[in-house]
Amino acid sequence: MLASASAARSLLARSVRSAAASNLGAASIGASRAASIEPYADYGKAVFTGRVADEYLKKHGSSGDILDDPSWTQTHADTVAKAVLDWAVDRGANTYCHWFQPMASSGVRHGQTGQVQNMMMKFNRTTNDVEFDFDGKALVKGETDGSSYPNGGLRATHTAGGYLAIDTSSPIFLRGDTVFVPSAFVSYYGAALDEKTPLLRSNAAISKHGKRLLKHLGLDIGEKDVVSNIGLEQEFFLVPREAYYKRPDLQLTGRTIIGKDAPRGQEMCDHYMAPPSLANPALACMQEIQDECFRLGIPLKTRHREVAPGQYEFAPLYGYNTTQVDQNLMVMQIIEEVSARHGLAALLQEKPFNDVNGSGKHNNWSIATEDGTMLLHPAKINAATGNPTAFAVIMAAIIAAVNEHGDLMRMAISSPGNDFRLGACEAPPAIVSTYLGDDMTFYLSHFKDGKGEGEYVPQTKMLDLGTHEVLPFEVPAEDRNRTSPFPYGGARFEFRAVGSSQNVSMVNTVLNTIVAEKFAEFSDACDAGKDIHDLAREVLNDNWRVIFNGNNYDEAVQQELTDRGIWRIDSGVEAIAQLTAEKNVALFQKMKVLTKEECESRQHVLHDHYAGTVDMEAKCLVDMLNQHIIPSVKAAGVGPLSDLEAAVGTLKSAIAEIHAAEDSYKAAQLARVLRLETMVDIRAVCDAAEEVVPANLWTLATYKELLFLDSHTTVGNDEGDFYEE
C-alpha cells in the first residue's frame, strides 16, 4: 500500500519498472507471470470483518461467523471486545469511540460525525501500572450529552442524556490510533437524535413488507431479509490551498459568495474525463485518498475528472446501505484531510462556484434478498419467483411510491447547497418524475392495459461503426437520461438530485419507507383476496403520470409535468416543511420509522440548518465587503463604492430580521429570500467591482486562481527521474 504522498506519485514509475523486470524474467524462462496484487495486501486490514475478525476471534475460542447475528451483542460481547482489543493493539491503536451521526451536519461539522475518544486502558492507582481495559459493555453501549447536538426540542439541558448503541450492520474499523464503533444515537426515551436510526428502522420496514410481497409473488425467503443496497458517486472540487486561504467565504461556508467568472469556464467541455495531469498534485492526492480508503475496506474503484474545471469524482462498488453511508462519510473526511497534505483544499459543497457545474452525490438504490436475488433485475426476480410478471408488479409499487411521495423525495435532497443546483443543466429540476426508457415503458403500458402477460426482456442493439478494426458491439436499447431525478438504470434506480455534501441517510430512509408502504399495501390487498396482477394494473393506471422519458431541462416540458400534477417544490425550505404534512407523518408512523415528534423535531433542525447556513454566508459577505472589497475599491479609486457601502447595511438588516423570526420555518423562509435574491444582487455589484479594480489591489483569490490547477500549481520532483532505472 502507498505510505505517503510521494509514494503515491511514484506508483506509476514503480509499476513500470516492476512490469519491465517481470517481462524480462518471463522472457528468460519462456513463461508468463501473473499480475501481482502485493501492493494491495493491506486492503481491509483496518476493518474488523471477514478474515481479519475471524483470525482474532479464533484466538478467543470463537469465529467470525458470530458477527453475522446481531445477538452477539448479548451473548458474545466480551469475546468480541477481547478480539477487537488484540487487533487494535497489534495495529498500534489504544483508543476507541462510539462513532455516530448527528443531524444537520453537512457543510459545517468536520466528518459529519460525533465521537468521544477513550483510551482502552485503566490506570492502577496502587501499583501505578497501566493496564488494558476494554470489555463487552464498553464496546456495545455508550452515553454522552444529547442536548448540545441539533435535536429540534427532543432534548434539553436538564434532560440531556444521549445513548449510543453499536450498529452491527456496519463493521468496526480502525484509523490511526483509534477504533471506531458505528453507533445509533438516541435519547433516554429512544427518540432518534441522529441520521442512522431512522435508516435502520426503514431497513426493517422494507425487509418486512418486501418479504410479504415476494411470498405473494411466489418466493418465500424464510428468515432471510430483503435489503437495500446503494452505490454513491462522490463529486468534489480541489483548489490550491494558498488561494483557498485568500477566500474567507470558502473557508467558512464552502462556497464563493462573490467572484467574477474567469475568462474560461467549462464552455469547451475540456475538463470532463480529461487525463489527470502529472503537473499538478491532484492525481497524487486522489491516489493517496484511494490508498487510505482501501485500508478501511472501502472499494473506491473509480476516479476521474468531472465537468467543471477543478472538479473530480470518486465512485465505489455498491453495498449495504448503512455500510455505504458510513463509508461515504469517511471518504468525505479523508478527501478533506488528504488534500491538505498536497497543498490543496477540497470543496464538498454543492455549488462552490458560480456559472460552472456544482457537485452531486448520485445515490444508486436497489433492493435484493439477503442471498443476492435482485428485485429490480427482471430476469433474476422473475426466475426466482417463477412468476414472469413479478418485475412488473414490483415496478408498479415503486412507480406509485414516487408519484405519491415525490414531496418526501424532494425534502430528502433539500440541502442548502442544492438550492443552486437543481434544474441548472447539471442536476435534474425539482420536479420528481421517473425515467424508465421507451422499452420498459412500452412493456408496462401493455401490461397495465391487459395487452400482454409475458416477461420483460430488456432489449439490446448492435453498433456497427463501419470499420475493420472496431468490430460491431452490443449496447443497451435505452440511452442514459441525465435530466431525470430518478431514472431506472438496469437493476437499480439512480437518485441523481442528491447533493454532494449530504449524509444520504435521509435520502435512503425515504426511498425505503415509501416503497415499503406500497409493498405493504399490495400485500394487504392480496391477503384480502385481490389478484396481485389486477392490482398492479390498477396502480400503474392510477400513477402513470409520473413516468417521463424526455428532456426534463426543457422549460416547456417542466410546465407540462407541473400541469400533470407531479410533485414540484422549487424551494428547499418549503420542501423541508413537507416532513410534517399529515400524509407523511402517517406514513412514517405506520412504517415505524419516525414518530410525529421525531418528524417535527427533524423539520425544525433542517430549517435551523438552512437559516444558519445563510446566516454564516451573509455575515461572511459583510466581512468581505468591509475588509476586502470596499478597501480595494477605495485604493483603486474606481468601482461602485456607494452601492457596496449600502450593501453592508442591507445585509445587517436582513440578518437581524432572520434572528427575530418567530420560528425556525419563518427564519428559513427569510434566509432563502436573503440568499437567492438580496445576496445575488449584491454579488453582481461585488463582481462589477472586481472587474475594474487592478489585480494588484484585489486582495481576494479570483476564479482564475482557484479553478485551474493545471496552470496555477506544480508538483516538485522529489522522486528523481520518472524513468530512472
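Keep in mind the model is a prediction, meaning the values are calculated, not measured.

A. Fine view of the overall build of the protein. When its secondary structure is counted, the protein shows 25 helices and 19 strands. Taking 27 Å as the expected radius of gyration for a compact globule of 725 residues, we find that the protein reaches 27 Å, a close match to that expectation. The dimensions of the protein, computed from C-alpha atoms along their principal axes, are 80 × 75 × 70 Å. Within the protein, the proportion of its 725 residues that are buried is 56%. Considering only contacts within the protein whose residues lie at least 6 apart along the sequence, 74% involve residues at least 24 apart. As presented, the protein carries roughly 30,800 Å² of accessible surface, and 51% of it is formed by carbon and sulfur atoms.

B. Region of interest: a negative patch on the surface. A cluster of acidic residues, D65, D68, D69, E223, D225, E370 and D371, forms a negative patch at the surface. Position of D225 among the secondary structure elements: in the loop between α7 (196-217) and β9 (226-240). The class for D225 is partly exposed, based on a relative accessible area of 35%.

C. Inspection of the pattern of salt bridges at higher detail. Counted according to the given criterion, the structure contains 35 salt bridges. K518 is paired through a salt bridge with E404; the nearest N and O atoms lie 2.4 Å apart. With a gap of 114 residues between them, K518 in helix α16 (residues 505-527) and E404 in helix α13 (residues 390-404) connect regions that are remote in the sequence. Using a relative accessible area of 5% as the deciding quantity, one classes K518 as buried. Note that D615 and K619 form a salt bridge whose closest N and O atoms lie 3.1 Å from each other. Of this pair, D615 and K619 both sit in helix α21 (residues 596-636), separated by 4 residues, roughly a single helical turn. Its relative accessible area of 12% is what places D615 among the buried residues. Looking at K619, the relative accessible area reads 39%, which means it is partly exposed. Three or more residues are tied together by salt bridges with common partners; here these are R175, E288, E292, E337 and R341.

D. Unusual backbone geometry, seen in detail. Here the phi dihedral of A104 falls at roughly 55 degrees; this positive angle occurs in a residue that is not glycine. Relative to the assigned elements, A104 resides in the loop between β1 (95-99) and β2 (118-119).

E. The arrangement of the confidence of the model for the protein in detail. Overall, the prediction assigns the protein a mean pLDDT of 92, with 94% of residues at 70 or greater. Across residues 7-31, where pLDDT falls below 50, the model places 26 contacts with residues more than four positions away in sequence or in other chains. Counting interchain partners and residues more than four positions distant, the pLDDT-below-50 stretch residues 719-725 has 9 contacts.

F. Layout of helix α17 (residues 532-543). Taking 1.5 Å per residue, 12 residues should reach 16 Å; α17 reaches 16 Å between its end C-alpha atoms and fits that length. For α17, the full list of buried residues reads I532, H533, L535, A536, R537, V539, L540 and N543. Elements that come into contact with the buried residues of α17 comprise α7, α13, α15 (437-448) and α16. At the N-terminal end of α17, a side-chain oxygen is found 3.0 Å from the backbone nitrogen of H533, two or three residues along, and the residue is D531.

G. Layout of the state of the cysteines. Taken as a whole and assessed by the stated rule, the structure comprises 0 disulfides. We note that C293 lacks a disulfide partner, and the nearest cysteine sulfur, in C285, lies 11 Å from it. With no disulfide of its own, C686 lies closest to C620 among cysteine sulfurs, the gap being 11 Å.

H. Quick peek at helix α11 (residues 321-341). In this model α11 runs 30 Å from its N-terminal to its C-terminal C-alpha over 21 residues, within 8% of the 30 Å that 1.5 Å per residue would give. Of all the 21 residues making up α11, 17 are buried; the element is thus mostly covered by neighbouring parts of the structure. Just beyond α11, the residue with positive phi is G343, at close to 75 degrees.

I. The arrangement of the packing of α13 against α15 in detail. Contact geometry for α13 and α15: axes closest at 11 Å, N-to-C directions at 100 degrees. Our classification of the angle between α13 and α15 gives roughly perpendicular. Each of F391, A392, M395 and I399 in α13 lies in contact with α15, whose residues at this interface are M440, Y443, L444 and F447. In terms of residue class, the contact of α13 with α15 is made up of 8 nonpolar, no polar and no charged.

J. Structural context of empty space enclosed by the protein. The final tally for this structure, using the stated rule, is 4 cavities of 30 Å³ or more. Empty space within the largest cavity amounts to approximately 270 Å³. Counting residues per element, the ones that place at least two in the lining of the largest cavity are α14 (406-412) and α21. Top contributing element to the lining of the largest cavity by residue count: α21, with 4 residues. For the lining of the largest cavity, a count of residues per class yields 10 nonpolar, 8 polar and 2 charged.

K. Up close: the side chain of N328. Position of N328 among the secondary structure elements: in helix α11. With relative accessibility at 6%, the residue N328 sits in the buried group. Among the polar contacts listed, one links the side chain of N328 to the side chain of K361, at a separation of 2.8 Å. Those residues in contact with N328 that sit more than four places away from it in its chain are L232, Q234, K361 and Q502.

L. Expanded view of the environment of L463. Examined against the element boundaries, L463 turns out to sit in strand β16 (residues 460-463). The spacing of L463 and S207 is 256 residues in sequence and 41 Å in space, taken between C-alpha atoms. Residues within four places of L463 in sequence aside, it is in contact with P472, F473 and V475.

M. Expanded view of the environment of P299. Mapped onto the fold, P299 is located in the loop between α10 (282-295) and β10 (302-305). When the C-alpha positions of P299 and A315 are compared, they lie 8.5 Å apart, and in sequence the two are 16 residues distant. Beyond its immediate chain neighbours, meaning those up to four positions away, P299 contacts Y43, A315, P316, L317 and Q327.

N. Summary view of the packing of aromatic side chains. Within the structure shown, the criterion is met by 23 aromatic pairs. Plain terms: the ring middles of F353 and Y703 are 5.2 Å apart, the flat faces sit at 90 degrees to each other, and that makes the pair edge-to-face. Placement of F353 in the loop between β13 (344-347) and β14 (361-369) and of Y703 in helix α24 (residues 703-707) is noted, with a sequence separation of 350 residues between them. Of the residues examined, F353 reaches a relative accessible area of 2% and is grouped as buried. In textbook terms, an aromatic cluster arises when at least three aromatic residues are bridged by ring pairs, as seen for F391, Y443, Y456, F486, Y488, F493 and F495.

O. Inspection of a nonpolar patch on the surface at higher detail. On the surface, a cluster of nonpolar side chains totalling about 310 Å² of accessible area is made up of L463, L465, V470 and F473. Residue L463 is classed as partly exposed on the basis of its relative accessible area of 32%.

P. Broad picture of the side chain of D167. Its location among the elements puts D167 in the loop between β6 (161-166) and β7 (173-175). Given the relative accessible area of 5%, D167 is considered buried. Residues contacting D167, with those up to four places away along its chain left out, are P182, S183, K196, L200 and T322.

Q. Structural context of the pairing of β10. Where β10 meets strand β11 (residues 311-315), 4 bridges bridge the pair, whose relative direction is antiparallel. The residue bridging R305 from the neighbouring strand is Y312, located in β11. With antiparallel pairing between neighbouring strands as the criterion, β10 and β11 make up a hairpin whose turn holds 5 residues, including G310 at a positive phi of roughly 75 degrees.

Parameters at a glance
Residues numbered from 1 in each chain as written. Predicted model: local features only at pLDDT ≥ 70, side-chain atom pairs only at ≥ 80, totals over all residues. Heavy atoms only, no water. Helix = DSSP H or I, 4+ residues; strand = E, 2+ residues; numbered from the N terminus. Rg over C-alpha atoms; globule rule 2.2 N^0.38 Å. Buried < 20%, exposed > 50% of the residue type's maximum accessible area, 1.4 Å probe, protein only. Contact = heavy atoms within 4.5 Å. Areas by Shrake-Rupley, 256 points an atom, 1.4 Å probe, with all protein chains shown as cover. Patch = residues over 30% accessible without salt bridge, like charges linked within 9 Å, V, L, I, M, F, W, Y side chains within 5 Å. Salt bridge = Lys/Arg side-chain N within 4 Å of Asp/Glu carboxyl O. Lys, Arg positive; Asp, Glu negative; His and termini not counted. Charge placed at Lys NZ, Arg CZ, Asp CG, Glu CD. pLDDT = per-residue confidence, 0-100. Expected span 1.5 Å × (residues − 1). Polar contact = N/O pair within 3.5 Å; in protein donor to acceptor, adjacent residues only side chain to side chain. Disulfide = S-S within 2.5 Å. Axes fitted to C-alpha atoms, helices over the stretch in contact; angles between N-to-C directions. Parallel < 35°, antiparallel > 145°, perpendicular 65-115°, else oblique. Nonpolar A, V, L, I, M, F, W, Y, C, P; charged D, E, K, R; others polar. 1 Å grid on protein atoms, 1.4 Å probe; cavity = no way out; pocket = protein on both sides within 12 Å on 5 of 7 lines; lining within 4 Å. Points joined across faces, edges and corners; volume = space filled by probe spheres on them. Phe/Tyr/Trp six-rings, centres within 6.5 Å; stacked < 30°, edge-to-face > 60°. Pairing = 2+ DSSP bridges.

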